[in-house]
Structure formats: structure tokens, C-alpha cells
Amino acid sequence: MNSLRARAHLLFGRRSHQSLAPHQHLSPAVANDLVISTVDENSGIAMLTMNRPPANSLSMEMNEAICDSIKTIEANAKIQSVILSSTNPKIFSAGLDVTELVSPDKDRLPRFWNSLQQVYIDLYGSRLATVAAIQGHAPAAGCFLAMACDYRVMSAGDINSDTKKKHVPTIGLNETQLGIAAPPWMGQLLVRTVGFRQAELALALGTLFPPEQALAVGLVDDIVPHQKAESGEDQLIDLLPSQIKDQALNPLLQRAYSQARIYAKIPPQARVASKMVTREEHIFRMIAKRDEDTQHFCGFVTQKAVQKNLSAYVEALKNKSAKK
Ligand SMILES: CCCC/C=C/CC(=O)SCCNC(=O)CCNC(=O)[C@H](O)C(C)(C)COP(=O)(O)OP(=O)(O)OC[C@H]1O[C@@H](n2cnc3c(N)ncnc32)[C@H](O)[C@@H]1OP(=O)(O)O
């Protein structure tokens, strides 16, 4: 892709001329509702809600559904902002679906990786202003999804009213803890978000930050305490998919919505042009190395020692969940 075409792709996406009626809910990106998209043309705000139980982990189909949803929302010229959220109150996204990595099918593995690269290109390079509403855990590629957005709001956690146990979400690129390394373009996003030294430390140690620390290093832009709001933005209710309709007074979503509204009021040409100042070079660099990156990923994941680590990790995850 030459740079002019790539720039046009980034600035104007794959926009079609289809338009949706106000408050009309878009069709789910795929038949099994992995991602639910809703739009409100009056406010210019959309919501893209990840809905892949149990953990919103990123399988190839999930990645494709995210890209399809972004594409469909971008096609509506009246929409300027999108909130990326989750139907799971405790997990934003658990990152890559680790079962994709264990004993992988050799034809599917590169396609799976390409689908993740595409999420990076489509989300990081979107013409839309993107606000991540991080209600729960966001490890590894879950953190990547948030970093690819323009603004990150994170929940401070909550206390279970029955057990009185505190739930504190965490966010970070924890790959080294699994015996793997984040790909360069993902690691670089951390550098771009928190600065060189903090990223160097966090990448090596695989640090998962609780909300206050994430705010202190700049990994998130705002944290929101969990107390239910007394009243909220009426328009947010229209945007919420049925699965989380009861979340209209959720202060995290309220905060994400008000940020999305601030973005939606900025003249879009100026907002998009300024976004590309900081992002296009990074995206071009990744596109230029895309095949090399895929080969490196496939070669790395299929190594015997890496497979052994990953199998043990998946087993431990399953055992942990079974013991609950
Ligand atoms: C080789 C180069 C590639 C480099 C790039 C890597 C990027 C990545 O994203 S690697 C993936 C990293 N992800 C993780 O390490 C997260 C693993 N998950 C967790 O730490 C926890 O699940 C959680 C903190 C997200 C949530 O904890 P919680 O106690 O609420 O739930 P669990 O009981 O642990 O899990 C519930 C359920 O979800 C399944 N699951 C969790 N994470 C994943 C995942 N990443 N892929 C697939 N499945 C996952 C877990 O097995 C449970 O399922 P069952 O109830 O069906 O057993």
C-alpha cells in the first residue's frame, strides 16, 4: 500500500454511503453476537460491546467481529465517537484466546494472527474517536485493545455485596509471565502510552496494574469509583444493548459516554488529522512488517518449549476456574 492510499484508508476508512435511522440498533457484526454494535445518530455516538463469554478472549472470529463492527460504524458518516465496552462486568477482555495458541492448526494460525493485526490497524487507525470503558480485567491483548483507543476510563473496582470481597481489575501487558513476549507493535503501544522507562519495566516484568497505579503511570486516563450514580445521561440508555440495559447508571459508562460526547463535538476533519499525526507512521511501519511479524509469531508459538508453557498455562486456567 503506498502512503497516500494508506492515508486515505486510515482517514476515510472503507466508508460506504449507508446510513442508519436514529437509535436504530445495527445488526450484530456476526450471527452469534460476539460483538454488539448500537448507534445514536443524534449524539453521533456508538457503542461496541464485546460479548464473548466467559472472558471476551480474542479468537479469530472475535477479532473479525470487532473489525466488522468498526467498519459498519465507520460507514455511518453521522457517527464520530464509539465506546468500547464489555457485557462482562468483571472482564473487559482476557486478551488472546489462549486455546488458539495450543496445538494450533497450521493454516489457521497465520490467519488468526492476521485477524489480530487487523484489529490493530482498524482500531488504532479508526476515523472514530474511541473511548475504552474498562470495567474489569484487561490483561495482554485486552490491554492492547484499550491502548488502541483514544481515551481509557477504568473502574476502580467494587465490593461484592454478599461476600464483601473486593474485586479490583488489573490492566497491562503480562505476556512475559506466560513465557511469551508481546509483538513489537503491541509493546510499542505501551511505550507510546506510558513512556519508555515505565514500558521497559512493565514489559520485562509482565506487570498488571491495579487502577490507581495504571492512572499514575498514564496507562489509563481516568478511574471511576463504583458507587451507582443518582442520575445519568438519558441518551446512554438508548445506546446500551439489552444484555447491559440495567447499566444506565453505571458511573464508568456514564464517564465514558461524556468523554465520547466531548470528542463528538470536535470538528471531525481536524480531530482525525491530528490523530493521524501521532498514529499513521506507527501503523505504516507495522503494515510494512506485517508478513515478517506473522512468520515470527507462527515460528515462535510452534516451538516445543513454548507449546509446553502454553499448554500448562491453559491447564492452570481451567483448573483455577473449576475450583471456584
Ligand atoms: C507468542 C506471541 C503472542 C504474544 C501475544 C499475546 C497476547 C495475549 O493476549 S496472550 C493471552 C494472555 N491472557 C491472559 O494471560 C489472561 C488469562 N486469564 C486470566 O488471567 C483470568 O481469566 C482473568 C484475570 C482475565 C479473569 O479472572 P477470573 O477469575 O474472573 O476468571 P477465570 O476463572 O480465570 O476465567 C473464566 C473463564 O475464562 C477462561 N479464560 C480466561 N482467560 C482466557 C483466555 N485468555 N483465553 C481463553 N480462555 C480464557 C477461563 O479458562 C475460564 O473458562 P472456563 O470457566 O470455561 O474454564
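Look above for the structure.
Residues numbered from 1 in each chain as written. Predicted model: local features only at pLDDT ≥ 70, side-chain atom pairs only at ≥ 80, totals over all residues. Heavy atoms only, no water.

Some details on unusual backbone geometry
For the peptide bond that leads from Pro-53 to Pro-54, omega is 5°, which places it in the cis range. Tracing the backbone through its elements, the reader meets Pro-54 in the loop between strand S2 (45-50) and helix H2 (60-74). Its identity as a non-glycine residue notwithstanding, Ser-103 has a phi of 45°, on the positive side. Here Ser-103 is to be found in the loop between strand S3 (81-86) and helix H3 (108-124). With relative accessibility at 62%, the residue Ser-103 sits in the exposed group. Residues other than glycine seldom take positive phi values, yet Lys-164 does so here, at roughly 65°. Mapped onto the elements, Lys-164 comes out in the loop between strand S7 (158-159) and strand S8 (166-167). (Helix = DSSP H or I, 4+ residues; strand = E, 2+ residues; numbered from the N terminus. Buried < 20%, exposed > 50% of the residue type's maximum accessible area, 1.4 Å probe, protein only.)

Focus on the pairing of strand S6 (residues 151-155)
By the criterion of burial, S6 is predominantly enclosed, with five of the five residues buried. Bridge analysis of strand S4 (residues 129-134) against S6 gives four bridges, and the strand direction is parallel. Looking at S6, one finds that Val-131 is bridged to Tyr-151. As paired elements, S6 and strand S10 (residues 222-224) share three bridges and run parallel to each other. Residue pairing across strands places Val-153 opposite Asp-222, the latter belonging to S10. (Pairing = 2+ DSSP bridges.)

Things to note about the packing of helix H5 (residues 184-194) against helix H10 (residues 268-288)
Direction vectors running N to C along H5 and H10 enclose 160°, while the axes themselves pass 11 Å from each other. Viewed along their axes, H5 and H10 adopt a mutual orientation that is roughly antiparallel. Note that H5 runs across H10; the crossing there is right-handed. Contacts between H5 and H10 involve Trp-185, Gln-188, Leu-189 and Arg-192 from the former and Thr-278, Arg-279, His-282 and Met-286 from the latter. (Axes fitted to C-alpha atoms, helices over the stretch in contact; angles between N-to-C directions. Parallel < 35°, antiparallel > 145°, perpendicular 65-115°, else oblique. Left-handed = near helix turned anticlockwise from the far one by under 90°. Contact = heavy atoms within 4.5 Å.)

Examining the site of the ligand
In the neighbourhood of the ligand, 27 residues make up the surrounding shell, with Leu-96, Tyr-313, Lys-320, Ser-321 and Lys-324 lying closest. Within the backbone of Ala-94, an N or O atom sits 2.9 Å from a nitrogen atom of the ligand. The separation between an oxygen atom of the ligand and a polar side-chain atom of Lys-320 is 2.7 Å. Taking 1,100 Å² as the accessible area of the ligand by itself, protein coverage stands at 81%. When contributions to the shell around the ligand are tallied by element, the ones reaching two or more residues are helix H11 (290-301) and helix H12 (304-322). Its residues assigned to classes, the shell around the ligand comprises 18 nonpolar, five polar and four charged. (Near = heavy atom within 4 Å. Polar contact = N/O pair within 3.5 Å; in protein donor to acceptor, adjacent residues only side chain to side chain. Areas by Shrake-Rupley, 256 points an atom, 1.4 Å probe, with all protein chains shown as cover. Nonpolar A, V, L, I, M, F, W, Y, C, P; charged D, E, K, R; others polar.)

Function-wise, these values are silent; they only describe arrangement.
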